[in-house]
Amino acid sequence: MTRRNRKAAHATAGAARCTATVCRGCCCGTPRSPGSTTPPKLAQLRAPLAGQAQVRVVKCLGACEHANLIVVQPSPEGRKAGGRPVRLGLVNDPDATTDIAAWIRDGGPGLAEPPGILGLYAFTPRRIRQFPES
């Protein structure tokens, strides 16, 4: 068992959990979502993560051009290991939702490598406001 796998096993064995935040605003979670005919089902994310991660729903994450959005926040252990929130957009394929759930079960950001396919969904949010230099 590698060090990273031991960390992931520890993270899922009663330690603080990852959080998956699912957008369900004006664009996300509806058939109107860009390129979507079947938005990701909450049950498809909640069922495999029951007791292992928190799944919460918010009204809008403000990046409608990336609908359907899921943000995976690391557990405290994952953050200590260098994990940062991962924003996943255009999550329109049920297989992607399954891959996200499997990654979170394995420990999520900082503790487990995401499946390679999730790299196609990851994005960096654009800056909305620039503050003047003082």
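Structure's up top.
Here goes a summary of the coordinates provided. (Residues numbered from 1 in each chain as written. Predicted model: local features only at pLDDT ≥ 70, side-chain atom pairs only at ≥ 80, totals over all residues. Heavy atoms only, no water.)

## Re the packing of helix α2 (residues 42–49) against helix α4 (residues 94–105)
Here is step 1: Put simply, α2 and α4 touch, their axes get as near as 9 Å, and they point 25° apart. With respect to α4, the axis of α2 lies roughly parallel. Seen from above, α2 lies across α4 with right-handed handedness. Contacts between α2 and α4 involve Gln44, Leu45, Pro48 and Leu49 on the former and, on the latter, Pro94, Thr97, Thr98, Ile100, Ala101, Ile104 and Arg105.
Here is step 2: Its residues placed into classes, the contact of α2 with α4 shows seven nonpolar, three polar and one charged. (Axes fitted to C-alpha atoms, helices over the stretch in contact; angles between N-to-C directions. Helix = DSSP H or I, 4+ residues; strand = E, 2+ residues; numbered from the N terminus. Parallel < 35°, antiparallel > 145°, perpendicular 65-115°, else oblique. Left-handed = near helix turned anticlockwise from the far one by under 90°. Contact = heavy atoms within 4.5 Å. Nonpolar A, V, L, I, M, F, W, Y, C, P; charged D, E, K, R; others polar.)

## Here we look at the nonpolar core
Here is step 1: If you look at the biggest cluster of nonpolar residues, it comprises 19 residues, and the most contacted ones within it are Leu45, Leu49, Ile70, Val72, Val91, Ile100 and Ile104.
Here is step 2: Elements with a minimum of two residues in this core: β1 (18–23), α2, β2 (53–58), β3 (70–73) and α4.
Here is step 3: With five residues, α4 is the single largest residue contributor to this core.
Here is step 4: Excluding anything up to four places from it in sequence, Ile104 contacts Cys18, Ala20, Leu49, Ala53 and Val72.
Here is step 5: If you look at the next biggest cluster of nonpolar residues, it comprises six residues, including Ala63, Ala67, Leu69 and Phe123. (Core = buried A, V, L, I, M, F, W, Y, C linked by side-chain atoms within 4.5 Å. Buried < 20%, exposed > 50% of the residue type's maximum accessible area, 1.4 Å probe, protein only.)

## Quick look at unusual backbone geometry
Here is step 1: The omega angle of the peptide bond from Ala67 to Asn68 is 15°, so this bond is cis rather than trans.
Here is step 2: Looking at where Asn68 falls in the secondary structure, it is placed in the loop between β2 and β3.

## Quick look at the environment of Gly29
Here is step 1: Within the secondary structure, Gly29 is located in the loop between β1 and α2.
Here is step 2: In this structure the C-alpha to C-alpha distance between Gly29 and Asn68, which are 39 residues apart in sequence, comes to 6.3 Å.

## What to know about the pairing of β3
The two faces of the sheet receive side chains in turn, since in a regular strand these alternate between them.
Here is step 1: Bridge analysis of β1 against β3 gives four bridges, and the strand direction is antiparallel. Bridged to Val22 within β3 is Ile70.
Here is step 2: One ladder, built from three bridges, connects β3 with strand β4 (residues 86–88); its direction is antiparallel. Directly across from Val71, in β4, lies its bridge partner Arg87. (Pairing = 2+ DSSP bridges.)

## A closer look at the sheet that holds β2
Strand pairing in a sheet relies on backbone hydrogen bonds, with the paired strands running either antiparallel or parallel.
Here is step 1: A sheet is described by the order of its strands in space; here four strands give the open sequence β2-β1-β3-β4, paired in mixed fashion. The sheet terminates laterally at β2 and β4, the two strands that pair on one side only. Direction aside, neighbouring strands of the sheet carry axes that sit 20° apart on average.
Here is step 2: Its contacts with the sheet put α4 on β1, β2, β3 and β4, and the angle it makes with β3 is roughly 10°.

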